[in-house]
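Listed below, chain by chain, are the residues.
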Amino acid sequence: PNGYINMSALVDDIPVQYNRVTPVFLFAYVLLLGFAVKTVMLCPGIFSPYKRCQYYDPKMTQSLRYILVVGVTGGGDEGKGTMIRNTIGMV
C-alpha cells in the first residue's frame, strides 16, 4: 500500500510462454483457409479458363491504341463531367 515494489519481483526470471496450443493453431488454419477461399472467389480467372478466348482475333483490336477502364469512385456520386475529365487525364 505504500508504493514500494520489491526488487526481487522486478529482476526475477520471467518464464517463457509459447502460443503452441490447439486454439492458436485452429485460428491460424481458419485464417489461411479464409484467405484461400477469398482468393478463389475474387480471382476466378486464375483457376478457370476464359471461355471466349477461342473467338478472339488480333485483327479485331488492331486499330485500338488504348484500352481504358473507368470506374466510379466515392460511392457513385460523381457526375458524367467528372468521369470524362478523369478519363482525359488518364490518357
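Residues numbered from 1 in each chain as written. Predicted model: local features only at pLDDT ≥ 70, side-chain atom pairs only at ≥ 80, totals over all residues. Heavy atoms only, no water.

Draft legend 1. Just the overall build of the chain, in detail. Across its full length, the chain carries 4 helices and 0 strands. The burial tally for the chain puts 1% of its 91 residues in the buried class. Accessible area of the chain: about 9300 Å², with a carbon and sulfur share of 64%. (Helix = DSSP H or I, 4+ residues; strand = E, 2+ residues; numbered from the N terminus. Buried < 20%, exposed > 50% of the residue type's maximum accessible area, 1.4 Å probe, protein only. Areas by Shrake-Rupley, 256 points an atom, 1.4 Å probe, with all protein chains shown as cover.)

Draft legend 2. A look at a nonpolar patch on the surface. Together, Tyr4, Ile5, Met7, Leu10 and Val11 give the surface a local cluster of nonpolar side chains, amounting to about 600 Å² of exposed area. By the secondary structure assignment, leucine 10 is in helix α1 (residues 7-11). Leucine 10 gets classed as exposed once you look at its relative accessible area, which sits at 54%. (Patch = residues over 30% accessible without salt bridge, like charges linked within 9 Å, V, L, I, M, F, W, Y side chains within 5 Å. Salt bridge = Lys/Arg side-chain N within 4 Å of Asp/Glu carboxyl O.)

Draft legend 3. Structural detail: the confidence of the model for the chain. Overall, the predicted model of the chain reaches an average pLDDT of 76, with 60% of residues at or above 70. Mean pLDDT values for the elements of the chain range from 64 in helix α4 (residues 80-90) up to 91 in helix α2 (residues 22-42). (pLDDT = per-residue confidence, 0-100.)

Draft legend 4. Representation of α2 in the model. Taking 1.5 Å as the rise per residue, α2 with 21 residues should run 30 Å; its terminal C-alpha atoms sit 30 Å apart, in good agreement. Counting buried residues in α2 gives 0 out of 21 residues, a small share hidden from the surface. (Expected span 1.5 Å × (residues − 1).)

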